[in-house]
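What follows is the residue order along each chain.
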Amino acid sequence: MSENKNKLLVALDGSQRAFKTIKYLCSFKPFLKKELVLINIIARVPECYYDLKKDPFSYKASSRVHAWELGYKAEMEDFMEKAKTMLIAAGFKSEAISSMIAERNKGIARDIMDEARKGYDALLIRRRGGAQLLLPLALGSVSTKLIEKAISIPVMLAGTQKVNHSLLIAIDGSEGAKRAVEFVAQIIKHSDCRVVLCSVLRDFDEYDEKKKEKKSIDFITTAFEEIETAVQDAIQILENAGIQRKNIVSKIIQGAKSRAGAIFEAAKEENCDTIVFGRKGKSDVSDFDIGSVPWKVIHGAKEMTVWVVP
C-alpha cells in the first residue's frame, strides 16, 4: 500500500475542463514536490455492438464504433502529452509524471477508486467534466460517487477560483478535523501558504433537539474549551510542518444558524481559494457517509477548491 505514497492520482477525461484541472496542479506550488499519475478510464461501447459485424447490413456501423474507440484513445494520448508538457513547464520533473489510459472494467468510478486504493496521498478530480468521466447518474456525477466511495483517501475537488495559496480548514474538535489539519500540513509543509483555522459554534440560545431542553452554561463552556484546544493543537501541527505562525489565522464564529453557510462566507471574507474538511465531523456517527456540512459547502462553494479528508 505504500508504493505510491507521495503521489497524487489525477482523474482526467480529455475535455477542456480537464485542462483546468492541469492548470490547478500547475498553480498550487506545494504540488511540485509530488509525483503525479494521470488516469483516464475509457467507457467502451457494449460488446453487443460488435455482434453487428455478423450482420452484413450493420458492418459499416460496427466499423464506425471501432474507429471511434481508436480515435478517442488517440485523442486521449494526445491530451496526456499536452498535459505533461504544461506540468513540466510549471516546474514538475518529467520523471515525476506518468499517465495511464485504461478500458472500463467495473465502472468508471470503481475503476478509479481501485487505483486510488494503491496507496496514493490523494485523488484529484474536477467538479464537472465531459461525458466520459462525469456522466450524470441517478445520485449525481461520477465525481459524487468518488467522494462517496473515498472513505480511505483524501479527495480534492478542483475549483475554478484563482489559486492564492490560502486555505481554510474547518475545525470542530473531532478526530476527522485533526486528520484534515495533518493532511494539509503534510501537503503544504515548509511553504508560504496561509491557513485559516475556522470554528463555527451554533446559536447557543437554541434548544438541544435531542434532549428537548436549553443548553446549559457548562455545555457552552465545554464547547469553547474544546474548540480552543483543537485550534491550539492545529497550530502546533502546522508549525511543526514548517508553516510560520504569522501565516496561521484562527477564526471562531459564534451564533451561526448554518455551519456550512458560515464556513463558506468565512472563506470568502478571508480570500481563501480552498476549503478543507474532515470527512466526518463531531455530530456525525457513521464511518462511511460524508458529513452533511461538507456536502453543503461542496454544493455552495462552486468556484472554490474543496478537500475532503477521511
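Residues numbered from 1 in each chain as written. Predicted model: local features only at pLDDT ≥ 70, side-chain atom pairs only at ≥ 80, totals over all residues. Heavy atoms only, no water.

Provide a residue-level description of the confidence of the model for the chain, including the pertinent values.
Chain-level statistics for the chain give a pLDDT mean of 83 and a share of 77% at 70 or above. Taken element by element, the chain is modelled with least confidence in strand β8 (residues 207-208), mean pLDDT 46, and with most confidence in strand β6 (residues 166-170), mean pLDDT 98. Here residues 129-140 scores under 50 on pLDDT; set against residues more than four positions off or in separate chains, the count is 34 contacts. Every residue in residues 284-288 is under pLDDT 50, and counting partners more than four places away or in other chains gives 6 contacts. (pLDDT = per-residue confidence, 0-100. Helix = DSSP H or I, 4+ residues; strand = E, 2+ residues; numbered from the N terminus. Contact = heavy atoms within 4.5 Å.)

Go over the pairing of strand β2 (residues 35-42) with me, naming the residues and quoting the values.
By the criterion of burial, β2 is predominantly enclosed, with 7 of the 8 residues buried. In this sheet, strand β3 (residues 97-103) lies alongside β2 in parallel orientation, the contact comprising 7 bridges. Within β3, the residue paired with L38 across the bridge is S99. (Buried < 20%, exposed > 50% of the residue type's maximum accessible area, 1.4 Å probe, protein only. Pairing = 2+ DSSP bridges.)

Quick one: what's the story with the environment of C193, residue by residue and with numbers?
On the secondary structure map, C193 appears in the loop between α5 (175-188) and β7 (194-202). Look at C193 and you get buried, because its relative accessible area is 2%. Once the C-alpha coordinates of C193 and S166 are considered, the two residues, 27 residues apart in sequence, prove to be 5.9 Å apart. Here C193 is in contact with F28, P30, H165, L167, I188, I243 and N247, once residues within four sequence places are set aside.

Lay out the environment of Y72 in plain terms, naming residues and giving numbers.
Mapping Y72 onto the fold places it in helix α2 (residues 59-90). Each C-alpha atom, one on Y72 and one on G14, is 9.3 Å from the other, the two residues being 58 residues apart in sequence.

With reference to specific residues and values, describe the pattern of salt bridges.
According to the stated counting rule, one finds 9 salt bridges in the structure shown. E115 is the salt-bridge partner of K118, the closest N and O atoms lying 3.0 Å from each other. Judged by relative accessible area, E115 falls into the buried class, the value being 9%. In this structure, E265 and K268 form a salt bridge, with 3.4 Å as the shortest nitrogen-oxygen distance. On the criterion of helical spacing, the pair formed by E265 and K268 is a turn pair, its members being 3 residues apart in helix α7 (residues 259-269). Linked through salt bridges whose partners overlap, the residues forming this network are R194, K251, E269 and E270. (Salt bridge = Lys/Arg side-chain N within 4 Å of Asp/Glu carboxyl O.)

Give a detailed account of the side chain of D273, specifying residues and quantitative values.
Here D273 is to be found in the loop between α7 and β11 (274-278). Buried and unpaired, D273 has R194 as its nearest opposite-charge partner, separated by 8.6 Å. In terms of polar contacts, D273 uses its side chain to reach the backbone amide nitrogen of N164, at 3.0 Å. In this structure D273 touches Q161, K162, V163, N164, H165, S166, M304 and T305, once residues within four positions along its chain are discounted. (Lys, Arg positive; Asp, Glu negative; His and termini not counted. Polar contact = N/O pair within 3.5 Å; in protein donor to acceptor, adjacent residues only side chain to side chain.)

Go over helix α3 (residues 108-116), please, and point to the residues and values.
Within α3, 7 of the 9 residues are buried, which leaves it mostly tucked inside the rest of the structure. When α3 is considered as a whole, its buried residues turn out to be I108, A109, D111, I112, M113, E115 and A116. If you follow the buried residues of α3, they end up packed against β1 (7-11), β2, β3, β4 (122-126) and α4 (142-149).

Now, about the sheet that holds β1: what can you tell me, with residues and values included?
Here we have 10 strands laid out as an open sheet, ordered β3-β2-β1-β4-β5-β12-β11-β6-β7-β10, and mixed in their pairing. Taken across any chain shown, the strands that pair with only one partner, and hence form the sheet edges, are β3 and β10 (248-256). Mean inter-strand twist for the sheet, computed between neighbouring axes without regard to direction, equals 20 degrees. Here helix α1 (residues 16-27) sits on the sheet in contact with β1, β2, β4, β5 (155-158), β11 and β12 (305-309), set at roughly 135 degrees to β4. (Axes fitted to C-alpha atoms, helices over the stretch in contact; angles between N-to-C directions.)

Account for the packing of aromatic side chains, with residues named and values stated.
Enumeration over the complete set of coordinates arrives at 7 aromatic pairs. Relative to F79, the ring of F19 lies with its centre 4.5 Å away and its plane at 50 degrees, an arrangement referred to as tilted. Highlighted residues: F19 in helix α1 and F79 in helix α2, separated in sequence by 60 residues. Overall, the relative accessible area of 15% leaves F19 in the buried class. (Phe/Tyr/Trp six-rings, centres within 6.5 Å; stacked < 30°, edge-to-face > 60°.)

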